[in-house]
Amino acid sequence: MNQSSILAPVVVLCLFAALLPAPMPLPSSGLSQEDCFTLADTPPAAQSHDLGLLERCSALYPNDVELLGDLATAYEAASAPSQAEATYQRALAIDPACAELRLRLGRLLLRRGAAAEARREAALALRVQPNRQALVELLHASDGAPAGASR
Amino acid sequence: MAFASARLAVGAFCLMTAAYAALNCSPFAFDMFIRPQLFPWVTEFVAWHHFWCCGAFVASTLTLVADLDWRIPRDGTRKAAHWLAVGYVGFFGAVAGVLVVSPYLPRLWNDSRALPTAIAAFVPLLWLAAIDHLSAPSPRRQHDAGTFRVTGQHRLLVSCAIAAGYLWAAHVVRALWQSGRSAGAIAWALTIIWALALTATVSALVYTILFLKTAVAARTRTPERWERGLTSVLTAAGICEFLRRLVLPTVSLNASDAAWVATVAGVSLASMWSGLACRRPAADPQKAATSSERLLVSMPGGPATVAALLMLPLASFWALGFMEQLDWAFVVQRLILVCEGLLAYTLVRRATRHHVADRPWSARATVVPAVVALATLFAVPHAALRLAAWTGDRTLEPAAAFERYAAADPLFKFMSDGLVTRAGFDGEYFRFLQVYTNARGASITIPDVDLTTAPARPAGHRPDIFLFVIDSLRRDYLSPYNPAVSFTPNIERFASENFVFRNVFTRHGATQLAAPSIWAGAEVIRKILAPGFERMNAVEKLVNAEGYRIAINDHTVAAYLRPTTPVTKIDPNVLSVDTDLCQNLKALEEHLDASTADARPVFGYLSPMNIHILNTRRGGQQSLDGDYPGFYAPYASRLRRIDACFGNFVSYLQQRGRYDNSIIVLTSDHGDSLGENGYWGHATWLFPEVARLPLIVRLPPSLRAAVTTDLAGVAFSADIAPTLWVLCARQLKDLGPLFGSPLFVPKDGRLPDRRRDSFLLTSSYGAAYGLLRRNGRQLYVTDLVERREFAYDLSHEPTAVPDVIAPEVRRVNQRSIRDHVTKAAAFYRFTR
C-alpha cells in the first residue's frame, strides 16, 4: 500500500464528518411567519384588532382557535356579524368545548333574534362550565325569561 | 476457557462496582435508584461487595499463577510482567483485606467520593491488562518475514457490505411482520430504501475506519502490533462514545463526570479485551492471518458459522422483544444492536474467509461505497418530500414516515438518531438547558410561600378530603375519557355524578417532581425535595390551618412533612413499589372507623403503584385476568382491580354517611408510555401520554351548587392545592404563572383564562422540557437525552402523532422554554 491508501480513507472520513448528521428536509410552505404564530398569545384587549392581519394569520394557521376567536371579535367590532358568526362556527368546529366562544356566539345569535340557536349554544356551554352565571343569563335571555334566576 | 471465564468474572465485578459508584455521582440516579433501594439485587451486591471483592481477587490471582512463578527464568517485558503480577497480588490483596474489615461500598453516598470510586474500580482491569500485554510473546517483525499481512481491503469491504445487507433485510422483515404495513406501500417502500441507505452509511463508515487502520498499520515496521494497537484504540473510543453519548446521559450524569467515567471505562475494557487476546494462543499461526482476527471472538468455521449467522437475528429479536418493556431509555436495546452488528461482521468475515480473495488496494473501492451511501441517504428524504407534495399525501413526508417506521424497527431508530439531525438543532440551546438539569454542585433556596394571606376562618364544619394520586394512571384507560374502555365501571359511575376535567396535564413527568408539584401547587425544580420543602408545601399548610388530620400512604413527600403535622401513616411498612390501592383503602377504612371519636376532618392521601411499570412488568408482563383487546392487558387488568376497590371505598363512604361531606379527587402524578412509538415507562421523556392526566373531582352538594368551573380549560395537577384552599373559602394571592390556579370559582366569579398562556413541563429525571400552549392543544418537547425535539397537536385523540416542526414553531417554543426555565431558576434562586 502506498501513501494514497491512507489519504483516500482520510478524505472519505472528512466527507462523513462534513455531511453527517444529515438534515431532515421539511416541507417549505413559504407562508409561515412567527408574528402570526404568536399573534394570539396577546390577549384581545391589547390587540389593535387589525382585521387584515388577523385574516392573513388565520389563513396561515387555520386551526388556531384563539386566533379565530379574535378574528370573530374583530368582525363584530367591524359590524360584520355574519362573518363573525361564521368565524365563531369555524373555531367551534375545531374546539367544540370552548365555552367562551359559545357564549360570544350565543350573544351574537340572540342579537340577531336567533333565540333557539342562542339557547342551544348556552346549553352546550353550560355542560363545560356548569353554573356559570353569564351562561345561565344567556340561557334565560334566550328563553325570554328574566335573567338571574337560579338554574 | 477457565482463564477467560475468571477474567470475565473479574471484569463483571469491576464494571458493577463502577456502575454503582457512577449512579451515586448523579443526584437523580441516587434519589431514584440507590436511596430507595429500588432493586433488591443491587442492594445485595452492595451489602456483600467485600465478599465479591475477595472472590474477584482470588479469581484474578489464579489467572496470574504462571506470571507469579519465580522459578521460571524471565527477561525483558516478561520480567516486568512478573513484578507487576507480584505488585497486583500485594496491592489488591491489601485492598480486599481492608474492605473485609471496613466495607466501603455500603457507605458510598452522593458526594465527592463517588466519581473517584467509579474510576478506581477500573484500576484492576488496567493492571491485569498491563500484565497480559507484557507477558505476551514479543511481536516479531512478521511483515518483514512475510508471515503477516494486514486485513485486505476487498475482504473488509465484502464483509461490511454483506453484514450490513443481512442486518437490514432481517430487521425490515421483522418490522413488516410486526407493523402490518399500515402506512401504505409507497411510504413503506421509501422508508425501507432509506433504512438501507442508513445501514449502508454506517457500514461504509465502519469500513473506511477499519481500512484506514489497516492502511496505517501496513505502513509501519511492526504491522501486527500497530493493527492490534489501533484496533484497541478504536474499541476504547467506541465504548467511550457509547457510554458518554447514549448511556450516561440517561441517568443524568453531568457532562464532565460522564466524560471521565466513559473514558476510563473505554480504555479499561478495551485493554482487558486486548490483553485477553494476547493471552489466547493461536491454534495455527499460519492460519491466524491477520492481527485483528486474533482480536475477534474465537469461532468455529464452516457450517457452524453459517448456522450462527442465521440464528443471530432471531436471538437479537428475542432479546430486543424481551428488553423492550424493561429497558431504560433504549440503552440495553442499543447495546443489543451494537453486539448484533459486531457479531454479524465477525461471522461474515469468518464465513467468507476462504471465499473472498484479496485484491490490490484501490482508491475507487475506498471512495465509491461512501459516496453512494451518502448520496442515497440525502436523496431519499428529498424524493419523499417531493412525492408527498406531488401526491398531496402527507404520510409520505419523510419526518412523519420515518418516525412511524422507527417505532417498528429499533435498528432504524438507532441509526437515524445518530445520522440524521432534525432541522434547527441548536447546540447552544441544548447546553443552556443542560445547565439547569444536572449541574453538579447546583443548589436552590426553597422560598417560603403562602397561597393566601386571608385570616383563618372561625372553627366550623369542614369536609373530609380524599386525594387519590394513582401512580402512572393514564386518562385514556378510564371510561370517562375513552368510551372504548369497559374495565372501569365504578370510576365511570363516580365520574357521571361529578366533575370530569378533560384537559389536564402534569407539570412534571415522573413522580419525583410531580408529587411535590401537587403538594406545593406550583411548578417546582430539581432539588425541591429536601429539608425546607415544608416552606412551600401548600397542602400541608392548608391541613394545619384548617385543622385537618392526615392519613397518608406516600413515599415521596411524606418524609418532608413537619413533625408537628398530625399524620397517620397508612401501611407504613410496605415498600413503595408494593403499595396497593386495595390494601391502602382497607387500611384507611379501618383508620376512619377507629377514629370516629376524633372530630377533626380527615385529609386522606394515597399514591399506590399498582399500575406502575415496575409492577406491570413483574410477573412476566401478564394480565391478571384475561385479554383486553386494544389495551395493554397487564396494565388494564390491574386497573380493573383498582376500579373495583375504588368503587368499594365510595360505597363505604356512602354507608358511613361521609360521602356527601367529602371532597374526593381522583388523579395521577403522570401518565405512562405503553409502547407508543416503541417507548415504555415515563422516566426520561414527556410524550403526550405521559403528560396528560385524568382528574375527576367530587364536591359536597352544598359546595357544588355554589361554584363554576371550566371542564375543558387547560388544567394541571398543581391546581389541586389552590383549589382546596378556595374550597375552604380562602382568597388566593396572585403568585404568578409558576403557581396553579383554582379549578373552581364562585359561580358569578371570573374563571382564570389560561388559553393563551404557555406552561413549562419538565421531566423529573431526564433532561426533557416541554412547552404547552393554546389551551393544551400544542405540546413542544425538547429531549436532551435523545437530542431530539417533537411538536404535537393534541387536539387529535387518542394518540398524538408528532408534527413536522416549522422553523417559527421551533424558534417561538425554544425562546419560551428558555424564558420559563430562567424565571423558575430565578424564583428558586438556582445557583451553580
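None of the values given here were measured: they were computed from a predicted structure.

Definitions and cut-offs
- Residues numbered from 1 in each chain as written.
- Chains lettered and ligands numbered in written order.
- Predicted model: local features only at pLDDT ≥ 70, side-chain atom pairs only at ≥ 80, totals over all residues.
- Helix = DSSP H or I, 4+ residues; strand = E, 2+ residues; numbered from the N terminus.
- Contact = placed C-beta atoms within 7 Å.
- Rg over C-alpha atoms; globule rule 2.2 N^0.38 Å.
- Buried ≥ 20, exposed ≤ 12 C-beta atoms within 10 Å, placed from the backbone.
- Core = buried A, V, L, I, M, F, W, Y, C linked by C-beta atoms within 7 Å.
- Domains from an automatic or database assignment.
- Nonpolar A, V, L, I, M, F, W, Y, C, P; charged D, E, K, R; others polar.
- Pairing = 2+ DSSP bridges.

1. Some points on the overall build of chain A
In step 1: Scanning chain A for helices and strands turns up 8 helices and 1 strand.
In step 2: Starting at the N terminus and walking to the C terminus, you meet the elements of chain A as α-β-α-α-α-α-α-α-α.
In step 3: Counting only contacts in chain A whose residues sit at least 6 apart along the sequence, the fraction spanning at least 24 positions is 36%.

2. A look at the overall build of chain B
In step 1: Across its full length, chain B holds 31 helices and 19 strands.
In step 2: Taken against the 2.2 N^0.38 rule, which gives 28 Å for 832 residues, the C-alpha radius of gyration of chain B at 30 Å falls within 12% of a compact globule.
In step 3: In chain B, which comprises 832 residues, the proportion classed as buried is 50%.
In step 4: By sequence separation, contacts in chain B at least 24 residues apart represent 73% of the contacts at least 6 residues apart.

3. Re the nonpolar core
Looking at soluble globular proteins, one finds that nonpolar side chains tend to be buried together.
In step 1: Membership of the largest hydrophobic core comes to 216 residues, with the highest contact counts inside it found for A:L135, B:A118, B:V261, B:A265 and B:A721.
In step 2: If one sorts the elements of this core by residue count, helix α13 (residues 255-279) of chain B sits on top with 11 residues.

4. Structural notes on the domain arrangement of chain A
All names here are of chain A.
In step 1: Domain boundaries assigned for chain A yield domain 1 (34-95) and domain 2 (97-151).
In step 2: Contacts between the two partners involve 10 residues from domain 1, matched on the other side by 8 residues from domain 2.
In step 3: For the side of domain 1 that touches domain 2, the secondary structure elements donating two or more residues are α4 (65-77) and α5 (81-94).
In step 4: The greatest single-element share of the side of domain 1 that touches domain 2, amounting to 6 residues, is contributed by α5.

5. Examining the interface of chain B and chain A
Many structure descriptions define interface size as the accessible area lost when the parts assemble.
In step 1: Between chain B and chain A, the residue contacts involve 48 residues of the former and 40 residues of the latter.
In step 2: Elements supplying a minimum of two residues to the side of chain B that touches chain A: α11 (185-218), α17 (363-391), α18 (398-408), β1 (420-421), β12 (707-709) and α31 (807-827) of chain B.
In step 3: It is α17(B) that contributes the most residues to the side of chain B that touches chain A, 11 residues altogether.
In step 4: Class assignment of the residues belonging to the side of chain B that touches chain A gives a composition of 29 nonpolar, 7 polar and 12 charged.
In step 5: Bridging between strand β1 (residues 22-23) of chain A and β1(B) involves 2 bridges; their strand directions are parallel. Following the sheet pairing, A:A22 is matched in β1(B) by B:V420.

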